[in-house]
Amino acid sequence: MSRVEGDRVGVPGVFPADVRLVGHGLVLREWDDGDLAAMARLFDDPDVAYWTPLVSPFDLGAARVYLKRARERRAAGLRVQLAITADGVEPLGEVMLMLSGAGLDVAEIGYIVGVAHRGRGLAGRAVRVMTDFARGTVGVARLLLEIEAGNAASAAVARAAGYRLTDAPPILAEEKGRPLALQTWEHL
């Protein structure tokens, strides 16, 4: 899981009307109202609560709020959040592309995989598919991951997806009363 934070200035119309990405044995698709129970199962996890800013417990009410906000951010051209699936139906996690500025110079990718689906390379494959989409379809010049120091699983995902740790100083922040030191990884 990578950390995802805050809204940034979007670029309306930068994302295609309907995003469905296929590659590396995955189908990444838009979330829909029928996915709320699956979202609650995937995101209501102590690891997700620890490594991300998502609320805990993450129940159906939290899922409704999350999906509503995801749709608002997408409409504003800020981000696209996709369910990670193997079959185009059952969500196994999420991958998202977040624009970092008024243009397409820099964007960040974030991801979460449900505890029952970890260890299958889903996050790394989903990040590779999203990276290809960001570069090829959206036209993003620089792609980043911000991963908390000590999150070995996310660092392994970053390496598997072709990202390298930069020499940028850690981004210091606080989330849920806990200090964070986020390391920047970049796709070369």
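Residues numbered from 1 in each chain as written. Predicted model: local features only at pLDDT ≥ 70, side-chain atom pairs only at ≥ 80, totals over all residues. Heavy atoms only, no water.

S.K.: Any chance you could explain the overall build of the protein chain here in plain terms?
M.R.: Of the regular secondary structure elements, the protein chain holds five helices and nine strands. Taken from the N to the C terminus, the helices and strands of the protein chain come in the order β-β-α-α-α-β-β-β-α-β-α-β-β-β. What you see for the protein chain is a C-alpha radius of gyration of 15 Å, in line with the 16 Å of a compact globule of 188 residues. Reported as C-alpha extents along the three principal axes, the dimensions of the protein chain are approximately 40 × 35 × 30 Å. Burial status across the protein chain gives 52% buried among its 188 residues. Pairs at least 24 residues apart make up 66% of the contacts formed inside the protein chain by residues separated by at least 6 positions. Accessible surface computed for the protein chain: about 8400 Å², of which carbon and sulfur atoms make up 56%. Side chains of the protein chain carry 22 positive and 24 negative charges; the gap between the two charge centres is 2 Å. (Helix = DSSP H or I, 4+ residues; strand = E, 2+ residues; numbered from the N terminus. Rg over C-alpha atoms; globule rule 2.2 N^0.38 Å. Buried < 20%, exposed > 50% of the residue type's maximum accessible area, 1.4 Å probe, protein only. Contact = heavy atoms within 4.5 Å. Areas by Shrake-Rupley, 256 points an atom, 1.4 Å probe, with all protein chains shown as cover. Lys, Arg positive; Asp, Glu negative; His and termini not counted. Charge placed at Lys NZ, Arg CZ, Asp CG, Glu CD.)

S.K.: How do you make sense of the side chain of Thr184 when you look at a structure like this?
M.R.: Note on placement: Thr184 falls in strand β9 (residues 178-187). Look past the residues within four positions of Thr184 in its chain and what remains in contact with it is Leu144, Leu145, Arg164, Leu165, Thr166, Ala168 and Ile171.

S.K.: Any chance you could explain the pattern of salt bridges here in plain terms?
M.R.: Close approach of charged atoms allows side chains of opposite charge to pair. Scanning all chains against the criterion turns up nine salt bridges. Here Arg74 and Glu30 are joined by a salt bridge, their closest N and O atoms 2.8 Å apart. A residue pair is termed long-range when its members are at least 10 positions apart, and Arg74 in helix α3 (residues 60-75) and Glu30 in strand β2 (residues 26-30) qualify at 44 residues. The residues Arg74 and Glu30 share a single accessibility class, namely buried. A salt bridge links Arg118 to Asp47; the nearest nitrogen and oxygen atoms lie 3.2 Å apart. Placement of the pair is Arg118 in the loop between β5 (106-113) and α4 (122-138) and Asp47 in helix α2 (residues 46-51), with a sequence separation of 71 residues. By relative accessible area, Arg118 is classed as partly exposed at 29%. Here the salt bridges share partners, and the residues they tie into one network are Arg29, Asp32 and Asp35. (Salt bridge = Lys/Arg side-chain N within 4 Å of Asp/Glu carboxyl O.)

S.K.: Got a minute to help me understand the environment of Pro91 in this structure?
M.R.: Note that Pro91 resides in the loop between β3 (79-85) and β4 (93-99). When its relative accessible area of 8% is taken as the criterion, Pro91 is described as buried. Setting aside anything within four residues of it in sequence, one finds Pro91 in contact with Arg29, Trp31, Asp35, Ala38, Leu42, Ala83, Ile84, Thr85 and His117.

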